[in-house]
Amino acid sequence: MSLVLSLCLVFLCSFVHGSHSLPAQRTPHLDGLLPNGDFEQIPNKSNMRKRQIIGKYSLPHWEISGHVELVSGGPQPGGFYFAVPRGVHAARLGNLASISQYVKVKRGLVYSLTFGVTRTCAQDENIIISVPGQTNELPIQTLFSTNGGDTYAWAFKATSDLVKVTFHNPGVQEDPSCGPLVDAVAIKEILPLRYTRGNLVKNGGFEIGPHVFSNYSTGILIPAKIQDLISPLPGWIVESLKPVKYIDNRHFKVPSGLAAIEIVAGRESAIAQIIRTVAGRNYILSFAVGDAHNGCHGSMMVEAFAGKNAFKLKFDSNGKGAFKAGRFAFRADSNRTRLTFYSGFYHTKLHDFGHLCGPVLDNVRVVLTR
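Residues numbered from 1 in each chain as written. Predicted model: local features only at pLDDT ≥ 70, side-chain atom pairs only at ≥ 80, totals over all residues. Heavy atoms only, no water.

What to know about the overall build of the chain
Reasoning step 1: For the chain, the helix and strand inventory stands at one helix and 30 strands.
Reasoning step 2: A globule of 370 residues ought to have a C-alpha radius of gyration of about 21 Å, and the chain, at 23 Å, matches this closely.
Reasoning step 3: Taken over the C-alpha atoms alone, the chain extends approximately 80 × 55 × 30 Å along its principal axes.
Reasoning step 4: Within the chain, the fraction of its 370 residues that count as buried is 51%.
Reasoning step 5: Residue pairs in contact within the chain that sit at least 24 positions apart in sequence constitute 75% of those at least 6 positions apart. (Helix = DSSP H or I, 4+ residues; strand = E, 2+ residues; numbered from the N terminus. Rg over C-alpha atoms; globule rule 2.2 N^0.38 Å. Buried < 20%, exposed > 50% of the residue type's maximum accessible area, 1.4 Å probe, protein only. Contact = heavy atoms within 4.5 Å.)

Section: the nonpolar core
Reasoning step 1: Counting residues in each nonpolar core, the largest one holds 38 residues, and the members touching the most others are Phe206, Tyr246, Ile271, Leu285, Phe287, Phe341 and Val364.
Reasoning step 2: Per-element tally for this core: the top contributor is strand 21 (residues 282-290), with four residues.
Reasoning step 3: Ignoring sequence-local partners within four residues, the contact set of phenylalanine 287 consists of Val302, Ala304, Leu313, Lys324, Ala325, Gly326, Phe328, Phe341, Leu361, Asp362, Asn363 and Val364.
Reasoning step 4: Core analysis: the next-biggest nonpolar cluster, separate from the first, contains 36 residues, Phe39, Leu93, Leu138 and Ile187 among them. (Core = buried A, V, L, I, M, F, W, Y, C linked by side-chain atoms within 4.5 Å.)

A closer look at the sheet that holds strand 27 (residues 336-343)
Strand pairing in a sheet is mediated by backbone hydrogen bonds. Such pairs are either parallel or antiparallel.
Reasoning step 1: Reading across the sheet, the five strands line up as 17-20-27-23-24 and stay open at both edges, with antiparallel pairing between neighbours. Edge strands, defined here as strands with exactly one partner in the open sheet, are strand 17 (237-238) and strand 24 (309-313). (Pairing = 2+ DSSP bridges.)

Side note on the environment of histidine 347
Reasoning step 1: Position of histidine 347 relative to the elements: it lies in strand 28 (residues 347-349).
Reasoning step 2: With relative accessibility at 6%, the residue histidine 347 sits in the buried group.
Reasoning step 3: Once the C-alpha coordinates of histidine 347 and methionine 300 are considered, the two residues, 47 residues apart in sequence, prove to be 8.3 Å apart.

Notes on the pairing of strand 12 (residues 134-139)
Reasoning step 1: Because side chains alternate across strand 12, one face comprises the buried residues Gln134, Asn136 and Leu138, and the other comprises Thr135, Glu137 and Pro139, none of which is buried.
Reasoning step 2: The pairing of strand 11 (residues 126-131) with strand 12 spans six bridges and is antiparallel. Counted as the bridge partner of valine 131 is glutamine 134 from strand 12.
Reasoning step 3: Counting the residues between successive antiparallel strands, the hairpin from strand 11 to strand 12 contains two residues, one of them, glycine 133, with a positive phi of roughly 90°.

Focus on the sheet that holds strand 9 (residues 98-104)
Reasoning step 1: Spatially, five strands are ordered 4-9-14-11-12 in an open sheet, and the strand pairing comes out antiparallel. Across the chains shown, the open sheet's two edge strands, defined by having one partner strand only, are strand 4 (63-65) and strand 12. Ignoring strand direction, the axes of neighbouring strands in this sheet form an average angle of 15°.
Reasoning step 2: Where strand 9 lies against strand 14 (residues 162-168), seven bridges are found, and the strand directions are antiparallel. What sits directly across from isoleucine 99, in strand 14, is phenylalanine 167. (Axes fitted to C-alpha atoms, helices over the stretch in contact; angles between N-to-C directions.)

Comments concerning the side chain of serine 286
Reasoning step 1: Looking at the secondary structure, you find serine 286 in strand 21.
Reasoning step 2: Excluding residues that lie within four positions of it along the chain, serine 286 makes contacts with Gly326, Arg327, Asn363, Val364 and Arg365.

Things to note about unusual backbone geometry
Reasoning step 1: Located in the positive-phi region is lysine 50, a residue other than glycine, with phi close to 60°.
Reasoning step 2: Along the chain, lysine 50 turns up in the loop between strand 2 (48-49) and strand 3 (52-53).
Reasoning step 3: Owing to a relative accessible area of 82%, lysine 50 belongs among the exposed residues under this scheme.
Reasoning step 4: Positioned with a positive phi, asparagine 203 is a non-glycine residue whose angle comes to about 55°.

Some details on the side chain of asparagine 294
Reasoning step 1: When you line up the elements, asparagine 294 lands in the loop between strand 21 and strand 22 (298-299).
Reasoning step 2: Polar side-chain contacts of asparagine 294 include one of 3.3 Å to the backbone nitrogen of cysteine 296. (Polar contact = N/O pair within 3.5 Å; in protein donor to acceptor, adjacent residues only side chain to side chain.)

Quick notes on the pattern of salt bridges
Reasoning step 1: On inspection of all chains with the given rule, the structure shows seven salt bridges.
Reasoning step 2: Two residues, arginine 51 and glutamate 69, come together in a salt bridge whose shortest N-O distance is 3.6 Å. In this pair, arginine 51 is assigned in the loop between strand 2 and strand 3 and glutamate 69 in strand 5 (residues 68-72), connecting sequence segments 18 residues apart.
Reasoning step 3: Judged by its relative accessible area of 29%, arginine 51 is partly exposed.
Reasoning step 4: The exposure class assigned to glutamate 69 is buried, which follows from its relative accessible area of 7%. (Salt bridge = Lys/Arg side-chain N within 4 Å of Asp/Glu carboxyl O.)

Side note on the environment of proline 223
Reasoning step 1: As for its position among the elements, proline 223 is in the loop between strand 16 (220-222) and strand 17.
Reasoning step 2: When the C-alpha atoms of proline 223 and valine 238 are compared, they prove to be 6.8 Å apart, with 15 residues separating the residues in sequence.

Here we look at the confidence of the model for the chain
Reasoning step 1: For the chain, per-residue confidence averages 87 on the pLDDT scale, and residues scoring 70 or more make up 91% of the total.
Reasoning step 2: Taken element by element, the predicted model of the chain shows its lowest mean pLDDT in helix 1 (residues 2-21) (38) and its highest in strand 14 (98).
Reasoning step 3: Overall, residues 1-24 carries pLDDT values under 50, and its contacts beyond four positions in sequence, including any with other chains, amount to 12 contacts. (pLDDT = per-residue confidence, 0-100.)

Have a look at this one:
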């Protein structure tokens, strides 16, 4: 009898510990393009006036309002160039124009939208992304990529089982067709996080994040917290003026696992997480720093803070995908400790000075020392 009780106790303890230490295993029920999210299903010719789409429901699976154009990538009249790297077509939102689509989701779950968006005319173009009850105005003045446009992620919590996703251009220009170029819109359910055994940092390997396009990626920009209250990178806070870039191992070199973070805007690009600690106890903070094998070069020192404790991990990159790891000891001075990471320098690619890049951060761990 005692043997049976002992076995039951062992099983119960392993179940309880496992429920807090293992990553979520189920597959997201949504993880891919929205219907006609790449805009390759085009309107009938009778619903087109040159490039402008005529009719509220003429663009398959989308509802349009205002001056919306269906454009093809490549050189354009007037010397412009539209980057559409994942296909042929994209939607251009003119003055006060919008496109929207109803999406079936599950109430109470968190979702992330991944979408390509690039300014086409004015320096101060913005785009508003919204679902019922949540709105974000995203500035797109800064171009982080010169070889295919920028890709962003934005997260929201579903308040019903059917949400209307809207992209809106709030600007008014002299040319009514001027406005953001939207391409390749995808959605992904963000699974709830669980602690990894022995590590106080949630999602320290950045394995859970937004949808990544399989055929082409320049990385996904994660907006700052002031623009995105629900992070598409769960567990982490982008607490800076500029975004950080989420990169995957299919298109970039990452230290380990499926994904990592590239700090692309120097001191203007910082990422943080608040972890639970015990005041007066000793801990070890470890993390890896490298480059994404994308031509980013130079001194890529990453500065880290654990509460009031500051650390620097130096790394000199030649753009070939190398990395190094660092370990630092600190003593917690409270029951909550803020971890912050940023780069002290600005970087561009070796042969493309218009492409912002920076050090790659991965494998962030904090463990208690005895």
